[in-house]
Amino acid sequence: MRAGGYNKARGCYSVALGRETSIRVEEYLNTSYSPDREYRDGVLVDRNVGENAHALLQALLAGYLTRRRKQWKIQAYTEFRIRAREGWYPIPDVCVYSLPAPEERYPSRPPLLWIEILSQDDRMIDVWDKATELVKCGVPYVWIIDPNTLESELRTSAGVMPIQEKTLRLPNSPIAIPLPEVVEE
C-alpha cells in the first residue's frame, strides 16, 4: 500500500511514511496537527492539501456560501472535524449545515453538503470510497470538484450525478452554486 492510500482490507487510510500509528480518539481530538489530519479507527490519516488551485477554490467557495448564509439559512465551514461515525473524524474541504448550525466542537450531525476539492495527489478511487462511506454515514450530498477544470460530480444515496453547466443545484433547496461565477466573483 502506498503512503496516504486507502487500505480496503482494513477499511481505512494509511498515514504518512506508509506506516499506521495507533492513537486514542481523545488524544486526536486534543491535538493540533499542521496540516490537520483525519482520524479513522485509531489511525491518523494524512490529507492531500495545499496547492494553489485547491486552496483558491476552497476559499472562494467558502466566501460564496458565507455571503448567502442568511438567504439560504445555512452555515459554511472549512476544514471542520466532523464525527461521521464512532471512530471516524473526516475533514471536508468545505461543508454546509442547514440552520441551526451545530454547537458541538466536533458535530456528529452530518452536514447537508460535503465538498471535496481534488488535489493533484488524490487518487480517485480513494476519493470515491470516502464519498460512498460519507453517504452511508448520513451525508445527503458529497460534491467532488476538480479545481482546474471545474468539472464535478455529486454523490448521493441514489448514486452519482454529473453536474451540468458546472452548477450545483441541491434538490428541494434554494442552494445553487455556479462554479464559473464563484471563481469570477
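Description of the structure in this document. (Residues numbered from 1 in each chain as written. Predicted model: local features only at pLDDT ≥ 70, side-chain atom pairs only at ≥ 80, totals over all residues. Heavy atoms only, no water.)

**A word on the overall build of the protein**
Selection rule: Think of it this way: any DSSP run of H or I at least four residues long counts as a helix, any run of E at least two long counts as a strand, and we number them from the N terminus. To sort residues, take the accessible area from a 1.4 Å probe on protein chains only and compare it with the maximum for the residue type: under 20% means buried, over 50% means exposed, and anything in between is partly exposed. The contact criterion used is simple: two residues touch if any of their non-hydrogen atoms lie within 4.5 Å. All accessibility values rest on the Shrake-Rupley procedure with a 1.4 Å probe; residue burial counts only the protein chains present in the view.
Secondary structure assignment for the protein yields 5 helices and 13 strands. Within the span of the protein, comprising 185 residues, buried residues form 48% of the whole. For the protein, contacts bridging at least 24 residues in sequence account for 52% of all contacts bridging at least 6. For the protein, the accessible surface area stands at approximately 9,400 Å², while carbon and sulfur atoms represent 49% of it.

**A short note on the pattern of salt bridges**
To be explicit about the condition: A carboxyl oxygen of Asp or Glu within 4 Å of a side-chain nitrogen of Lys or Arg is what we treat as a salt bridge.
Inspection of the entire model under this criterion finds 17 salt bridges. Between Arg 155 and Glu 153 there is a salt bridge, with its nearest N and O atoms 2.9 Å apart. With relative accessibility at 17%, the residue Glu 153 sits in the buried group. Beyond isolated ion pairs, a larger network of salt bridges with shared partners links Arg 40, Asp 41, Arg 85 and Glu 133.

**Here's the deal with the sheet that holds strand β4 (residues 43-45)**
To be explicit about the condition: Strands are labelled as partners when DSSP assigns at least two bridges between them.
Ordered by their spatial adjacency, 3 strands build an open sheet running β4-β3-β6, and the pairing between neighbours is antiparallel. Bordering the open sheet on either side are β4 and β6 (88-89), each of which pairs with just one other strand. As paired strands, strand β3 (residues 38-40) and β4 are joined by 3 bridges and run antiparallel to one another. By the bridge assignment for β4, Glu 38 is matched with Val 45.

**Brief notes about the sheet that holds strand β8 (residues 113-117)**
In plain terms, the rule: Each axis is a line fitted through C-alpha atoms, and for a helix only the stretch in contact is used; angles between axes span 0 to 180 degrees, taken between their N-to-C directions.
Overall, mixed pairing links the 6 strands, which are arranged β5-β7-β8-β9-β10-β11 in an open sheet. The sheet is open, and its two borders are formed by β5 (74-78) and β11 (159-162), each paired with just one other strand. Taking the axes of each pair of neighbouring strands and ignoring which way they run, one obtains an average angle of 20 degrees across the sheet. Where β5 lies against strand β7 (residues 94-98), 5 bridges are found, and the strand directions are antiparallel. Following the sheet pairing, Ala 76 is matched in β7 by Val 96. Contacting β5, β7, β8 and β9 (141-145), helix α2 (residues 52-67) runs over the sheet at an angle of about 155 degrees to β8.

**A short note on the packing of aromatic side chains**
For clarity, the cut-off: Ring pairs shown here join Phe, Tyr and Trp side chains whose ring centres sit within 6.5 Å, with only the six-membered ring taken for Trp; geometry is labelled stacked below 30 degrees between planes, edge-to-face above 60, and tilted in between. A ring is scored as having a charge over it whenever the NZ atom of a lysine or the CZ atom of an arginine sits within 6 Å of its centre and within 35 degrees of its normal.
Under the definition given, this model contains 9 aromatic pairs. Ring centres of Tyr 28 and Tyr 89 lie 6.0 Å apart, and the angle between their planes is 50 degrees; on these two criteria the pair is classed as tilted. On the criterion of sequence distance, the pair formed by Tyr 28 in helix α1 (residues 25-29) and Tyr 89 in strand β6 is long-range, its members being 61 residues apart. For the pair shown, Tyr 28 and Tyr 89 are each scored as buried. On the basis of an interplanar angle of 75 degrees and a centroid distance of 6.5 Å, the ring pair of Phe 80 and Tyr 97 is categorised as edge-to-face. One end of the pair, Phe 80, is in the loop between β5 and β6; the other, Tyr 97, is in strand β7, and 17 residues separate them in sequence. Exposure class is identical for Phe 80 and Tyr 97. Each is buried. Following the ring pairs from residue to residue traces out a cluster consisting of Tyr 28, Tyr 33, Tyr 39, Tyr 89 and Tyr 106. Over the ring of Tyr 64 we find Arg 68, and its NZ or CZ is 3.5 Å from the ring centre. The ring centre of Tyr 28 lies 4.0 Å from the NZ or CZ of Arg 81, which sits over that ring.

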